[in-house]
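Commentary on secondary and tertiary structure
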Amino acid sequence: MHKHKLIELQKIIEEKIGSLKEEVEIGTNVKLNPLYIADRRDEIEFLQWTIRIIQSILNRDNDERQQPGANKKRLEMMQTIEFENALQQRVQELNLKLKESNNLRESDILINEIDTLESILGRLSDLKYGDKTRAIEIAEADNNFQHANRLRKQLIKIQDMESEINAQCSYTNSRLTS
């Protein structure tokens, strides 16, 4: 059964938060470096922020997002692209703040958040394309180039559809803000 990529990602992030909370608790008990513990707490906050973004996207009234003829897969792609765009926008904002920062601790926090968000984007990319990419690699290793090319074409179709949806979302968002 197909699982929504954002739901899968949310579960992964929740597991990461759980392990970070344990790490903070253990680190506090054994009196590790307070900056290390503060960094882990910050990372928990960044991860919790991403979960709130995922939940707000998934909990939004689907009727409002669903256009005539749009299927579940397309809606999932729209939601995933919206999430990716939100994280990429946040990373851009953080990079600007980082350039302007004169405070070493603030810079460390910004770098930590950027790394966390980019890691989440990478993990989402793995969820979206990992199976197809692995299947292509296996087909090529088996010298089944026809199958590998078919899979490659499917992957390109998916990426083209995502680009189309992203352009539609950008156009809609630009009309709403103007």
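As a reminder, the structure under discussion sits directly above these lines.
Within every chain, residues take consecutive numbers counted from 1 along the sequence as written. At least 70 in pLDDT is required for a residue's local features to be given in this predicted model, at least 80 for side-chain atom pairs to be given and counted, and no such filter applies to totals for whole chains, interfaces and linings, which use all residues. Hydrogens and water are ignored here; the side-chain numbers use all heavy atoms of the structure.

Digging into the overall build of the protein chain
The line we're drawing: Secondary structure is summarised from DSSP: a helix means a run of H or I of at least four residues, a strand means a run of E of at least two, and numbering begins at the N terminus for each. Residue contacts are defined here by distance: any two heavy atoms, one from each residue, within 4.5 Å place the two residues in contact. Using the Shrake-Rupley algorithm and a 1.4 Å probe, accessible areas are obtained, with residue cover drawn only from the displayed protein chains.
Within the protein chain one finds six helices and zero strands. Overall, the protein chain shows an N-to-C arrangement of helices and strands of α-α-α-α-α-α. Sequence-distant contacts in the protein chain: of pairs separated by 6 or more residues, those separated by 24 or more amount to 68%. Accessible surface computed for the protein chain: about 11,700 Å², of which carbon and sulfur atoms make up 51%.

Some thoughts on the nonpolar core
We apply this condition: Put simply, buried Ala, Val, Leu, Ile, Met, Phe, Trp, Tyr and Cys residues joined by side-chain atoms within 4.5 Å make one nonpolar core. Using a 1.4 Å probe on the protein chains alone, a residue whose accessible area is under 20% of its type maximum counts as buried, one over 50% counts as exposed, and one in between counts as partly exposed.
In terms of nonpolar packing, the biggest core is built from 24 residues, with Leu9, Ile13, Phe83 and Ile120 touching the most fellow members. Secondary-structure elements contributing two or more residues to this core are α1 (5-29), α2 (34-59), α4 (72-100) and α5 (104-141). For phenylalanine 83, the contacting residues outside a window of four places in its chain are Leu6, Leu9, Thr50, Ile53, Ile54, Ile57, Ile120 and Leu124.

Details of unusual backbone geometry
Phi at lysine 31 takes a positive value of approximately 55°, unusual for a residue other than glycine. The topology assignment puts lysine 31 in the loop between α1 and α2.

Re the environment of glycine 18
You can see glycine 18 is positioned in helix α1. You can call glycine 18 partly exposed: its relative accessible area is 28%. C-alpha separation for the pair glycine 18 and isoleucine 44, spaced 26 residues apart in sequence, amounts to 8.8 Å.

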